[in-house]
Amino acid sequence: MTKEVAVLGAGMHPWGKWGRSFVEYGVAAAREALADAGLEWPDIGAIIGADTVRGGYPGYVSGAAFAKALGWQGARVGSVYAACASGAQAIDAGRAQILAGLADVVLVVGADSAPKGFFRPAGGDRPDDPDWLRFRILGATNPVYFGLYARRRMAQHGDTPDDFAQVKVKNSAMGALNPHARYRSRVTAEEVAASAVVADPLRLLDICATSDGGAAVVLSSMEYARRLGQAEPVRIRAVATVTPRYPNTVLDLPDIATDSAGAVEPAGETFRRSIARAAYEEAGVGPEDLSLAEVYDLSTALELQWYEDLGLCGEGEGVKLLRDGATALGGRIPVNVSGGLASFGEAVPAQAIAQVCELTRQLRCVAGDRQVVGARVGITANQGLFGHGSAVIAVR
Amino acid sequence: MVTGWFAGEGDDFRLLGTRCSACASVFFPREDHHCRNPACLGGELVEIPLSRRGRVWSFTDSRYPPPSPYVTDPELPWEPCAFIAVELEAERMVVLGQAAPGITVADLAVGLEVEVVPGVLHEDAETTWTTWHWRPTGVTGVTGVTGVTA
Ligand SMILES: [Zn+2]
């Protein structure tokens, strides 16, 4: 029997460029999640913050920053940094405290005010930092890696730039239905094709923006949920946080080279695939059980890669799945019904939590115009720098 | 800046990695402290030159100037820089690098053979920072200075 925790509440601060402190967004999301759970902040036994490293200084220890802003009340506190996987790993830390019996009810918060333009490493000469090295020696921004993956798909599978654009068309249509999304207008393939090339073959509208935003969830033990009268809450059944296996043979951010497979035969699956497999195994479900998926569409082409890594289709069949309408609202397995990062942009520590907020709304069947009919099982998937990856499976 | 990542001049220019004397794993950028093969108890890490030629795994470019710490001259208009990820057959690994000056994405294709050549990353009045570039084989053109790393 899989151990589960309840999602009692979900809250978000709308994404955008608001120019305020990350603490403000996090507190707004936290208050919304608490209200949604029907709880007060002093009821919370532990708070876990997903850290922001704005400016590169790893001192925005967010658990305590949010706890102080909400009013010190003596809760246990933790802070988690795992780049884009920070939010999911914060959820995992909160879940672990509940399953270990250290806390009955936990608040998990992530928020950021992202700088404009390319993400970049902190200042100073730091030649022992692979993220600093790839910028200093190569000038290889995140979109450069997205461009490499996109071009590789074109060579391997015959994907076209128009296929990539269709991901944006789909996600923007769903984001237009989401009041928390930053971009709420539908985008056409012609508009994608007319936008500037950033990293060949990807254009501006193929790549997600940077944004401000916040998201929070209230998690509890199943027993605590029952005591609150919530007999059938949305439950988290798995959080995968596996690392890659040596040799990691797909060039990943921020690395300049892959591991060599000269001495050790690589495992039969890529890192991204292993993240999904770990989540499926822990939850005791498979891709055929999914009602929806929220995946990191840092670029349009990357979303197609996730289709294959999650096992929604066979390798190289991502475009066919998209073109068949399977991943659109009303399709067999809708992907990024929230609008995805295409509609939200990146607020790094918040976005993996925002994915779980979307699953929660969908599984409660309160997602309004973007509701996936009869949603029962959902997965999120993301990948952070430095070998961090995460996937969350929630059920109703 | 990246001491010991490459050496040599002209046709002798090579990327340098290290190889574990116990399990033969190869590392680039060089690993000088511990073998990263989880099944290896660890051996001496010995410097080795990497293959000079490989095949394009993928490629792209940067149409906007990268942010610092990449060094760009704000006085000059940005010239898109191409990148090539190269599969080295002997080492069974992929190594990313900038394409040689003048090479654009129009000159590239997945599977094309390329070779490593010396190049200039950046120079100011006192210092020239050298680097490696990938260039399709059979193409000759501008090559940078070699040797010293700063
Ligand atoms: Zn070894």
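The name recorded for chain A in an unreviewed UniProt entry is Acetyl-CoA acetyltransferase, from Streptomyces luteogriseus.

Focus: unusual backbone geometry
In this structure, P247 of chain A follows Y246 of chain A across a cis peptide bond, with omega equal to -5°. In this structure, the amide linkage connecting S68 of chain B to the following residue, P69 of chain B, adopts the cis form with an omega of 15°. The backbone phi angle of F386 of chain A is positive, close to 60°, even though this residue is not glycine. Counting through the fold element by element, F386 of chain A comes out in the loop between β10 (377-383) and β11 (389-395). Taking relative accessible area as the criterion, F386 of chain A reaches 40% and is therefore assigned partly exposed. Backbone geometry at R92 of chain B places phi at a positive 50°, although glycine is not the residue there.

Concerning the domain arrangement of chain A
Residue and element names in this part refer to chain A. If you check the domain split of chain A, you get domain 1 (5-117 + 212-228) and domain 2 (130-205 + 235-395). Measuring from the centre of the C-alpha atoms in domain 1 to the corresponding centre in domain 2 gives 23 Å. Across the boundary between the two partners, domain 1 contributes 44 residues, which contact 35 residues of domain 2. Of all residues in domain 1, the largest losses of buried area upon contact with domain 2 belong to M12, W15 and C84, amounting jointly to 26% of the total for that side. The tally of links from domain 1 across to domain 2 stands at three salt bridges. Note that R364 and D36 form a salt bridge whose closest N and O atoms lie 2.8 Å from each other. The interface formed by domain 1 and domain 2 contains seven residue pairs in polar contact (both at pLDDT 80 or more).

Here we look at the packing of helix α6 (residues 161-175) of chain A against helix α10 (residues 300-309) of chain A
Residue and element names in this part refer to chain A. Look at α6 against α10: their axes get within 7 Å of each other, and the N-to-C directions meet at 90°. Accordingly, the angle class assigned to the pair α6 and α10 is roughly perpendicular. Contacts from F164, V167, K168, K170 and N171 of α6 reach α10 at T300, A301, E303, L304 and Y307. Here the contact of α6 with α10 is built from residues that sort into five nonpolar, two polar and three charged.

Regarding the sheet that holds strand β7 (residues 212-220) of chain A
Residue and element names in this part refer to chain A. Taken in spatial order, the nine strands of this open sheet run β3-β2-β4-β7-β1-β8-β11-β10-β9, and their pairing is mixed. Both edges of this open sheet fall to β3 (76-80) and β9 (292-295), since each of them pairs with a single strand only. Along the sheet, successive strands turn relative to each other by an average axial angle of 25°, direction set aside. Inspection of the sheet shows strand β2 (residues 46-50) paired to strand β4 (residues 105-113) by five bridges, in the parallel sense. Residue pairing across strands places I47 opposite L107, the latter belonging to β4. Its contacts with the sheet place helix α1 (residues 22-37) against β1 (5-16), β4 and β7, and it is angled at close to 140° to β1. Here helix α13 (residues 348-363) sits on the sheet and contacts β1, β2, β4, β7, β8 (234-240), β9, β10 and β11; the angle it forms with β1, its principal contact strand, is near 120°.

Rules and cut-offs
Residues numbered from 1 in each chain as written. Chains lettered and ligands numbered in written order. Predicted model: local features only at pLDDT ≥ 70, side-chain atom pairs only at ≥ 80, totals over all residues. Heavy atoms only, no water. Helix = DSSP H or I, 4+ residues; strand = E, 2+ residues; numbered from the N terminus. Buried < 20%, exposed > 50% of the residue type's maximum accessible area, 1.4 Å probe, protein only. Domains from an automatic or database assignment. Contact = heavy atoms within 4.5 Å. Buried area = accessible area lost by both parts, 1.4 Å probe. Salt bridge = Lys/Arg side-chain N within 4 Å of Asp/Glu carboxyl O. Polar contact = N/O pair within 3.5 Å; in protein donor to acceptor, adjacent residues only side chain to side chain. Axes fitted to C-alpha atoms, helices over the stretch in contact; angles between N-to-C directions. Parallel < 35°, antiparallel > 145°, perpendicular 65-115°, else oblique. Nonpolar A, V, L, I, M, F, W, Y, C, P; charged D, E, K, R; others polar. Pairing = 2+ DSSP bridges.

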